[in-house]
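# Descriptive analysis of the structure
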Amino acid sequence: TIPTVIDEGPRTEFRCSKCHRGVESLIMIDCDCCHTWYHIRCVGIDSNQIPLQWRCNECVGQSAIMAQSK
């Protein structure tokens, strides 16, 4: 699948869950698990290497905890 990325400038109402700021002409990515939005720079993703699938740190951590409990 192609990642969901937004780069539409300040008229978009999405807020980064890490810095709580809006799009502000920065590329954002949606977590495939919880559908929370982040600026790619806030989560350390290079704009030339945006992954096809991506999960935020919280979802990665929750998956690890669930896997350990099985």
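Starting from 1, residues in each chain are numbered consecutively following that chain's sequence as written. With the structure being a predicted model, the display of local features is reserved for residues of pLDDT at least 70 and the display and counting of side-chain atom pairs for 80 or more, all residues being used for whole-chain, interface and lining totals. Side-chain descriptors were evaluated using all non-hydrogen atoms of the structure, hydrogens and water having been removed beforehand.

Attention now goes to the overall build of the chain. A count of helical and extended segments in the chain gives one helix and three strands. In DSSP terms, a helix is any run of H or I states spanning at least four residues, a strand is any run of E spanning at least two, and both are numbered starting from the N terminus. Tracing the chain from N to C terminus, the helices and strands come up as β-β-β-α. Type-normalised accessible area, obtained with a 1.4 Å probe on protein chains alone, sets the label of each residue: buried when under 20%, exposed when over 50%, and partly exposed for intermediate values. Per-residue burial for the chain yields a buried fraction of 29% across its 70 residues. Note on contacts: a residue pair qualifies if any of its non-hydrogen atoms lie within 4.5 Å across the two residues. Look at the contacts in the chain between residues 6 or more apart in sequence, and 22% of them connect residues 24 or more apart.

Once that is clear, we can look at the environment of Gln-53. Topologically, Gln-53 is positioned in the loop between strand 3 (37–39) and helix 1 (57–69). The exposure class of Gln-53 is exposed, given its relative accessible area of 58%.

Here the focus is the nonpolar core. Counting residues in hydrophobic clusters, the biggest one holds 13 residues, and the most contacted among them are Trp-54 and Cys-56. Only strand 2 (28–30) and strand 3 provide two or more residues apiece to this core. Each residue touching Trp-54, except ones within four places of it in the same chain, is listed here: Ile-29, Asp-30, Cys-31, Asp-32, Tyr-38, Val-43 and Ile-45. Nonpolar cores were defined as sets of buried Ala, Val, Leu, Ile, Met, Phe, Trp, Tyr and Cys residues, with membership established by side-chain atoms within 4.5 Å.

Right, let's get into the environment of Ile-45. Inspection of the secondary structure assignment puts Ile-45 in the loop between strand 3 and helix 1. Take Ile-45: its relative accessible area is 12%, and that puts it in the buried class. It is 10.0 Å that separates the C-alpha atoms of Ile-45 and Met-28, two residues lying 17 residues apart in sequence. Leave out the neighbours within four places in its chain, and Ile-45 touches Ile-29, Ile-40, Ile-50, Pro-51 and Trp-54.

Shape descriptors only; they carry no functional weight alone.
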